[in-house]
Amino acid sequence: MNHPWIVYLTAYLGVRIQRARTAPTRGASAVEWVIITAIIAGVALGLATLIKSLVEGRQNDLQGTFGGGGGDTGGNP
């Protein structure tokens, strides 16, 4: 384990990890999570609205084709 590349990589990663732990921008990750969550929620809401409108449109087409469905002419439930 005394190979120069292993020693170098161990030292390099140690410095990078220490810098990441002591970086003053730790609060930025919370803001990033809020932004990402808001984007995902917006996309989900948009897709839900689109799917709802497509289903309602198809439902209206089917109701128009079959005359409202049901077909109850004899008064039986």
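Since we're looking at a predicted model, the values are computed, not measured.

(A) View of the overall build of the protein. The helix and strand tally for the protein stands at two helices and zero strands. Counting across all 77 residues of the protein, residues that qualify as buried make up 0%. When the accessible surface of the protein is split by element, carbon and sulfur atoms take 67% of a total near 7100 Å².

(B) Inspection of the pattern of salt bridges at higher detail. Here the structure, examined in full by the defined rule, presents one salt bridge. Its salt-bridge partner being lysine 52, residue glutamate 56 comes within 4.0 Å of it at the nearest N-O pair. Of the two residues, glutamate 56 and lysine 52 both sit in helix 2 (residues 28–66), four residues apart, roughly one turn of that helix.

(C) Representation of a nonpolar patch on the surface. On the surface, a cluster of nonpolar side chains totalling about 850 Å² of accessible area is made up of Val31, Ile35, Ile39, Val43, Leu47, Leu50, Ile51, Leu54 and Val55. Looking at the element boundaries, leucine 54 is found in helix 2.

(D) Structural view of the packing of aromatic side chains. For the structure on display, the rule yields two aromatic pairs. A centroid spacing of 6.3 Å and a plane angle of 90° characterise the contact between tryptophan 5 and tyrosine 8, whose relative ring orientation is edge-to-face. Of this pair, tryptophan 5 and tyrosine 8 both sit in helix 1 (residues 4–22), three residues apart, roughly one helical turn. On the basis of relative accessibility, which here comes to 48%, the residue tyrosine 8 falls in the partly exposed class. Between tyrosine 8 and tyrosine 12 the ring centres are 6.1 Å apart and the planes differ by 20°, which places this aromatic pair in the stacked class. Placement of both tyrosine 8 and tyrosine 12 in helix 1 is noted, with a separation of four residues, approximately one turn of the helix. A relative accessible area of 41% places tyrosine 12 in the partly exposed class. One aromatic cluster is present, built from ring pairs that chain together Trp5, Tyr8 and Tyr12.

Conventions used here
All residue numbers here refer to positions counted from 1 along the written sequence of the relevant chain. For a predicted model such as this one, the threshold for reporting local features is a pLDDT of at least 70, and the threshold for listing and counting side-chain atom pairs is 80 or more; totals across whole chains, interfaces and linings nevertheless cover every residue. Only hydrogens and water are set aside; all other atoms, that is, all heavy atoms of the structure, feed into the side-chain values. Helix numbers and strand numbers start at the N terminus; a helix is a DSSP run of H or I with at least 4 residues, a strand a run of E with at least 2. We call a residue buried when its accessible area falls under 20% of the maximum for its residue type, exposed when it is over 50%, and partly exposed in between, using a 1.4 Å probe and counting protein chains only. Here the Shrake-Rupley method, with its probe set to 1.4 Å, supplies the accessible areas, and only the displayed protein chains count as covering residues. We define a salt bridge as a side-chain nitrogen of Lys or Arg found within 4 Å of a carboxyl oxygen belonging to Asp or Glu. Here the term patch refers to residues with relative accessible area over 30% and no salt bridge, with like charges joined within 9 Å and nonpolar side chains (Val, Leu, Ile, Met, Phe, Trp, Tyr) within 5 Å. Pairing of aromatic rings covers Phe, Tyr and Trp, the last counted by its six-membered ring, and requires centre-to-centre distances within 6.5 Å; plane angles under 30 degrees mean stacked, over 60 mean edge-to-face, and any other angle means tilted.

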